[in-house]
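# Coordinate inspection notes
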Amino acid sequence: MTELPRQRVYCVLLVFALFLGSIGTRLVSFQVFRGAALSREADAEHALDEPVPARRGVIYDSTGQVLATTIPAYRVFAIVDQVTDPDALAQALAAPLAMSPDAIAKLIKDGQDKHLDWVQLQRHLTPTASDQVRALNLKGIVLDSEPQRVYPNGDFASAVLGFANWDMQGSYGVEGYYNAAIGGKPGHLIAERDVHGNIISVAQNRYDPPVDGDDAVLTINAGLQRQAEQELDAAVKDQNAAGGTVIVMDVQTGAILAMASRPSFDPNNFAQYDLSTFNNPAISEIYEPGSTFKLLTMAIGIDTGKVTPDTVHDDAPGYILVQDGNQTFRITNSGGAVYGRETMTQVLERSANLGAAFVAQRVGPELFYAKLREFGIGQPTGVDLQGEEAGIVHWDDAPDWRPVNLITNSFGQGIAVTPLQMITAISAIVNGGKLMRPYIVKELRHNGQVVKRNDPQVVRQVISPQTSRQVVDMMTDVVDKVSYPYIGVPGYAIGSKSGTAQVPAPNGGYLGDDVTIGSEVGIGPSENPRFAVLVVIDRPKKDPWGAHVAGPPVRDLLIDLFTEYAIPPTRREP
């Protein structure tokens, strides 16, 4: 036998030593330097750490009707590397998923191109559609359960409710404002599993159960809400208007009995709408109120002792001149009307701008704006809805305030409010002078037990009960002597005031005399006011006047209120 050359032996030994050294280095690397990380990776392979969703609470109206609830649903995934024929699979799934075959195939092929493990094909399948998918028994198709928020009445009260998104998080309206309470608290599952993904029951597992969300009971009455929406739809359609808002409020408590806005949206299909659609105009859209604001001006004048209902004002020659630096502003009544001598009650009956200016000038800017603050103008009402705006007021202490602002503000121009601010202030005028915090959730319940109740809350006393009574009588005269054909309710004394306001132009001034926001506020019964109804019609095309376009819906809603709450008639038709 021939001996191997010494050099070859040394070479083999060196290679063998290097091989052993590399193994040792790897062992040291895995055991010492990467030991902890690799241990965590191994644990992760056999660990299950998942959140457990909580049940989102049900939303009811004041009579117990379900307005929002949660049902079980399913989402469908495709495990990409198990799908051999995307087109054939897409054809099979098209009907149950309510998708086109091309759309399904594209999702799968895109997943293959991007080397994804799985792709989501559809969410929120109905139980029937889920059963159809399951019956197909397609390789690579997985069904996973998930909760789905459902609004049984479609767009009914959608601006009030808001919606819950794909992740069951509340957005806008009640869903957004009370998301923490209604959404509950998710639980947590930590467990060990075997190589097949099954939980090992004898291992050290931990389960923190979820805390289900609270149910919410609204102050909204579904019957009145439906009527409000129907009245609004009819008015908007008849006038070919851009939209509108209706609010019905219990003036004694601040409870909102109905709140409707157009345009609306279906919260079941929220993803199909532009974000701007979700804003609730009742609390987020500001407008110049026009002559309905004269009620505040008159209440301030009477409460400060500057005028009484019988104070006489002479508006001859039909205009006033307001000097402001080098500018002179000429203020007139609507249409240039001249009424001569008139009482303050007649000022409201005729909706005289010069009469309102007369009151504001007697009161003076300091008192006038201080009282507006007390009425809640220029600040959020504090309503329990998401997205409330504060309005716009040029206060008398602002650098850009001018004397003419006092005059125009007195009859509702150059000042912007939300519909909710307006009806809340009117309610304070007629309920004895108390500004109430408006609210829309009556109570929250957990497992049937009340855990939070929103009781009526007096923010402040704004005017005296005597002033309140006098203004109610003046509003009643407005209906009996002027606007009865549009808003009068046979057998009942009610009060009202209309408003017709021009729409500000983006670059200053107004869009035109025929571009208006027509509104009407009605209260009743006058003997002891309980309800206020505000209707705002945005840019009516056929008739610009508030009394004409908004008066009839207010009348019909007051009739419904008197019927619903069994308020008996008190007088004959005047």
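Our subject is the structure listed above.
Here we come to the packing of helix H11 (residues 294–303) against helix H16 (residues 419–430). The contact between H11 and H16 brings their axes to 10 Å, and the two run at 35 degrees. Viewed along their axes, H11 and H16 form a crossing whose handedness is left-handed. Contact with H11, carried on its side by Leu295, Leu296 and Ala299, involves Met422, Ala425, Ile426 and Ile429 of H16 and no other residues of that element. Tallied by class, residues from the contact of H11 with H16 come to seven nonpolar, no polar and no charged.

Our next topic: the pattern of salt bridges. Within the structure shown, the criterion is met by 23 salt bridges. Arginine 55 serves as the salt-bridge partner of aspartate 215, at 3.5 Å between the closest nitrogen and oxygen. Placement of the pair is aspartate 215 in strand E10 (residues 215–218) and arginine 55 in the loop between strand E1 (47–52) and strand E2 (59–60), with a sequence separation of 160 residues. The shortest N-O distance in the salt bridge between glutamate 342 and arginine 350 comes to 3.2 Å. Look at glutamate 342 and you get buried, because its relative accessible area is 0%. Three or more residues are tied together by salt bridges with common partners; here these are Arg55, Asp212 and Asp215.

Approximately 1,100 Å³ is the volume found for the largest pocket. Taken together, 44 residues form the lining of the largest pocket, with Ser291, Ser334, Asn353, Gln413 and Thr500 sitting closest to its centre. For the lining of the largest pocket, the secondary-structure elements that each account for two or more residues are strand E15 (327–332), helix H12 (344–350), helix H15 (403–410), helix H17 (465–487), strand E21 (495–502), strand E22 (516–524) and helix H18 (546–564). In terms of residue count, the dominant contributor to the lining of the largest pocket is E21 (six residues). Here the residues of the lining of the largest pocket are counted per class, giving 14 nonpolar, 21 polar and nine charged.

Once that is clear, we can look at the side chain of serine 130. Looking at the secondary structure, you find serine 130 in helix H5 (residues 127–136). When residues no more than four places from it in sequence are discounted, the contact partners of serine 130 are Tyr74, Leu125 and Leu143.

Okay, empty space enclosed by the protein next. Tallied over the full model, the rule gives three cavities of 30 Å³ or more. Empty space within the largest cavity amounts to approximately 50 Å³. Among the elements of the structure, helix H6 (158–161), helix H9 (222–239) and strand E12 (256–262) are those that each provide at least two residues to the lining of the largest cavity. Looking at the lining of the largest cavity residue by residue, the classes come out as five nonpolar, four polar and three charged.

Let us now look at the sheet that holds E21. To summarise the sheet geometry, strands pair through backbone hydrogen bonds and adopt either a parallel or an antiparallel arrangement. The strand order across the open sheet built from five strands is E12-E11-E23-E22-E21, with neighbouring strands paired in antiparallel fashion. Here the strands that pair on one side only, and so sit at the sheet edges, are E12 and E21. If you compare each strand with its neighbour and ignore which way they point, the axes differ by 10 degrees on average. Inspection of the sheet shows strand E11 (residues 243–250) paired to strand E23 (residues 531–538) by eight bridges, in the antiparallel sense. Directly across from valine 246, in E23, lies its bridge partner valine 535. Against the sheet, H16 touches E11, E12, E22 and E23, its axis set at about 30 degrees to E11.

This part is about H16. The terminal C-alpha atoms of H16 lie 17 Å apart, and with twelve residues this matches the ideal 16 Å at 1.5 Å per residue to within 8%. Of all the twelve residues making up H16, twelve are buried; the element is thus mostly covered by neighbouring parts of the structure. Among the residues making up H16, those that are buried are Pro419, Leu420, Gln421, Met422, Ile423, Thr424, Ala425, Ile426, Ser427, Ala428, Ile429 and Val430. Note on H16: the residue one or two positions beyond its end, glycine 432, has a positive phi of about 105 degrees.

Basis of the calculations
Residues numbered from 1 in each chain as written. Predicted model: local features only at pLDDT ≥ 70, side-chain atom pairs only at ≥ 80, totals over all residues. Heavy atoms only, no water. Axes fitted to C-alpha atoms, helices over the stretch in contact; angles between N-to-C directions. Helix = DSSP H or I, 4+ residues; strand = E, 2+ residues; numbered from the N terminus. Left-handed = near helix turned anticlockwise from the far one by under 90°. Contact = heavy atoms within 4.5 Å. Nonpolar A, V, L, I, M, F, W, Y, C, P; charged D, E, K, R; others polar. Salt bridge = Lys/Arg side-chain N within 4 Å of Asp/Glu carboxyl O. Buried < 20%, exposed > 50% of the residue type's maximum accessible area, 1.4 Å probe, protein only. 1 Å grid on protein atoms, 1.4 Å probe; cavity = no way out; pocket = protein on both sides within 12 Å on 5 of 7 lines; lining within 4 Å. Points joined across faces, edges and corners; volume = space filled by probe spheres on them. Pairing = 2+ DSSP bridges. Expected span 1.5 Å × (residues − 1).

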